[in-house]
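# Residue-level structure breakdown
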Amino acid sequence: MRISALNGRRKSWGFLACVLAFLGNVSGRAQDGVGGGRSKPLPVLTLQAALQFALKNNPALNAQRKQLGIASARIVIADTYPFNPVFENRVQVASGPISAGVTNKVPLEHLLLWEVEVRGQGQIRRQGAAAAFSKTEWEIARMEQTLAVDVMRAYTALLYRQEKLQLLEETLRLNERLVDDVKRLIDLGKQKPSDLILAQSEVTNSQDAVLAGMEAVTTARQDLNRVLGAVSGEYRANGVLDVPPWKWEGEALDELALARRADLKALQKSVEEASANCRLTAANRYGNPSVGTVYSYDPSRVSSIGIQVNVPLPIVNSHAGEMSQSRAELILALNQLQSAEVNVKLDVTAALARLVAAERRTASARTTGLPNSKRAVEDIEKLFLSGEPGVDAIKVIEVRRNFLKYRDGYLDALWSVRQARIDVSAATGEPALELAKPVPPLVPEKVK
């Protein structure tokens, strides 16, 4: 199944083009603020819309689709008989003694010959051209699949950077709140002025981290624009990194990959094309006879008409080299197909193994690590706000750092899961596997 099936939604192209035009217009107007949010909310670009836009506008893909014109021309060539009739006309001057009986001094001879394919070359040639055309279609489908995977990777990278930026902004807000709490506790005589200096330095560091996070988001957005084939545009990715785990079995995915991988289908058509070329070489090995009519008018004014057949004699050149080459090309195509089938199964197995390992890490962080880290933050904040002796800003900052660091690692784990899922989609040749609607994240509530 070609990913270009999405192209059937013709009405969506115009709407999507308007959306991307709007995104280009808002470029530069929506500014990110450090800790203060954005002046205007950025438009949302969904993954489905990104895929549709890329499949329609990516310049490399559009260039590849032009190969269909060349393949179509080969179909026309194969349907056209390759030989034209040959008309041969001989005009001579005859002379001789009277006893020779020369009564016509301008004898004539006319031949109309046509080379005839007698070994079914036309049908073989059409089969080869059809296989080549189908191979071209599958090669385009392969590029569509590859582009869809690239879009999903770039889109997920933007989503990942957005959530990283949200975590950094939350860290900044927590540190700003800590400064206010320290000021209040200093007024109550429960904290030292040095704690305020430490808290303010954390705010400065957090502001720089937020700016770095914004830079990473911009880079990720530009990377996505390049894959989409869009020159500019500002938007935000829609969705969450945390999605429901998959329940696929390896055998089912192997069958799906063998049925969906466009590169595998293209290699299958390459085998058909090489087989047709091999049979065509064998059919043309001994040449074709030329058949036609002959008319002559000799010097004695005798007219004759008949049939002429020219048969090539493959004595010197039996085209053994061409036969050997075509058979070797067929064997090469078969070996490439067999190797690709094995590699497809290996790709699926490797991608599934990475996915299982990444989901195991994510599940552990979700069920154990994050709740424990969150509980530790809540406990240390209660002690700090109650003025517990020995609990100063340094301890609060350290515990919060550990929690935020763990949440940052959790985002990395979610990123690994999404990348592994995209790897599975790429291995199976079915990017639609990644288009399932995500559920709300199962991350514990943010520290309040």
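First, a word on what this report is: a plain description of the structure on this page. Each chain carries its own residue numbering, running from 1 in the direction its sequence is written. Per-residue local features are limited, in this predicted model, to residues with pLDDT of at least 70; the limit for side-chain atom pairs, both in listing and counting, is 80 or more; totals at the level of whole chains, interfaces and linings are taken over all residues. Hydrogens and water molecules were not included; the side-chain quantities draw on all heavy atoms of the structure.

Let's shift gears to the packing of helix α5 (residues 121-187) against helix α6 (residues 193-228). Interhelical geometry of α5 versus α6 gives an angle of 165° and a closest axis separation of 8 Å. Between α5 and α6, the interaxial angle falls into the category roughly antiparallel. Here the hand of the crossing between α5 and α6 comes out left-handed. Classifying every residue of the contact of α5 with α6 gives 26 nonpolar, seven polar and nine charged. Here an axis means a line fitted to C-alpha atoms, over the contact stretch when the element is a helix, while the angle between two N-to-C directions is reported on a 0 to 180 degree scale. A run of H or I in DSSP counts as a helix once it spans at least four residues, and a run of E counts as a strand once it spans at least two, with each numbered from the N terminus. Roughly parallel refers to an angle under 35 degrees, roughly antiparallel to one over 145, roughly perpendicular to one between 65 and 115, and oblique to any angle outside these ranges. Each crossing is labelled by how the near helix is turned from the far one, with a counterclockwise turn of less than a right angle marking it left-handed and a clockwise turn marking it right-handed. The residue classification treats Ala, Val, Leu, Ile, Met, Phe, Trp, Tyr, Cys and Pro as nonpolar and Asp, Glu, Lys and Arg as charged. All others, Gly included, are polar.

With that out of the way, let us pick up the pairing of strand β8 (residues 303-310). Bridging between strand β7 (residues 290-297) and β8 involves eight bridges; their strand directions are antiparallel. Across the sheet, the residue bridging to S296 is S304, located in β8. The antiparallel hairpin formed by β7 and β8 contains five residues in its connecting segment, where R301 sits at a positive phi of about 65°. Should DSSP find at least two bridges between two strands, the strands are regarded as paired.

What follows is about the pairing of strand β5 (residues 108-115). Relative to β5, strand β4 (residues 86-91) runs antiparallel, the two being bridged by six bridges. In the sheet register, N89 faces β5, and the bridge partner there is H110. Two elements, β5 and β7, share eight bridges in a ladder whose sense is antiparallel. Paired with W114 across the two strands is V291, which belongs to β7.

Stacked, tilted and edge-to-face pairs are distinguished by plane angle, under 30 degrees for stacked and over 60 for edge-to-face with tilted covering the rest, among Phe, Tyr and Trp rings (Trp via its six-membered ring) whose centres lie within 6.5 Å. Throughout the structure, instances matching the rule amount to three aromatic pairs. Between Y81 and F83, the aromatic rings sit 5.9 Å apart at their centres with planes inclined by 75°, giving edge-to-face as the arrangement. A connected cluster of aromatic rings, assembled from ring pairs, spans Y81, F83 and W114.

Okay, the environment of L241 next. Looking at the element boundaries, L241 is found in the loop between β6 (236-237) and α7 (250-260). Each C-alpha atom, one on L241 and one on V417, is 8.6 Å from the other, the two residues being 176 residues apart in sequence. With near-sequence residues (within four places) excluded, L241 lies in contact with T156, L159, Y160, E163, L411, L414 and R418. Any two residues whose heavy atoms approach within 4.5 Å are treated as being in contact.

The strands making up a sheet associate through backbone hydrogen bonding, with each pair oriented either parallel or antiparallel. With respect to topology, four strands assemble into an open sheet ordered β4-β5-β7-β8, the strand pairing being antiparallel. Looking at the sheet topology across the chains shown, the edges are occupied by β4 and β8. Taken over all neighbouring pairs, the strand axes of this sheet differ in orientation by 15° on average, direction set aside.

With that settled, the discussion passes to the pattern of salt bridges. When charged atoms on two side chains of opposite charge get close, those side chains can pair. For salt bridges, the criterion is a side-chain nitrogen of Lys or Arg within 4 Å of an Asp or Glu carboxyl oxygen. Scanning the model with the defined rule gives 16 salt bridges in all. With a shortest N-O distance of 3.1 Å, R125 and E117 are connected by a salt bridge. The cut-offs for exposure are 20% and 50% of the maximum accessible area for each residue type, with area from a 1.4 Å probe on protein chains only; residues under the lower value are buried, those over the upper are exposed, and the others partly exposed. We classify E117 as buried; its relative accessible area is 16%. Note that D242 and R366 form a salt bridge whose closest N and O atoms lie 2.9 Å from each other. Placement of the pair is D242 in the loop between β6 and α7 and R366 in helix α9 (residues 320-385), with a sequence separation of 124 residues.

Assignment of secondary structure puts T428 in helix α10 (residues 393-428). Residue class for T428 comes out buried when judged on its relative accessible area of 0%. The definition of a polar contact used here is a pair of N or O atoms within 3.5 Å, where within protein one atom must be able to donate a hydrogen and the other to accept one, and adjacent residues in sequence count solely through side-chain atom pairs. Side-chain polar atoms of T428 contact the backbone oxygen of S425, separated by 3.1 Å. With sequence-adjacent residues up to four places away left out, T428 is seen in contact with L253, L256, A257, R260, R261, V348 and L433.

The biggest cluster of nonpolar side chains holds 54 residues, and the ones touching the most others in it are L147, V151, L158, L224 and L228. Among the elements of the structure, α2 (47-57), α5, α6, α9 and α10 are those that each provide at least two residues to this core. Residue contacts for L228: discarding those within four places in its chain leaves L45, A50, F53, A54, N57, N58, V151 and Y235. To form a nonpolar core, buried Ala, Val, Leu, Ile, Met, Phe, Trp, Tyr and Cys residues must be joined to one another through side-chain atoms within 4.5 Å. Within the second largest apolar cluster, 22 residues are counted, among which are A257, L330, L337 and A351.

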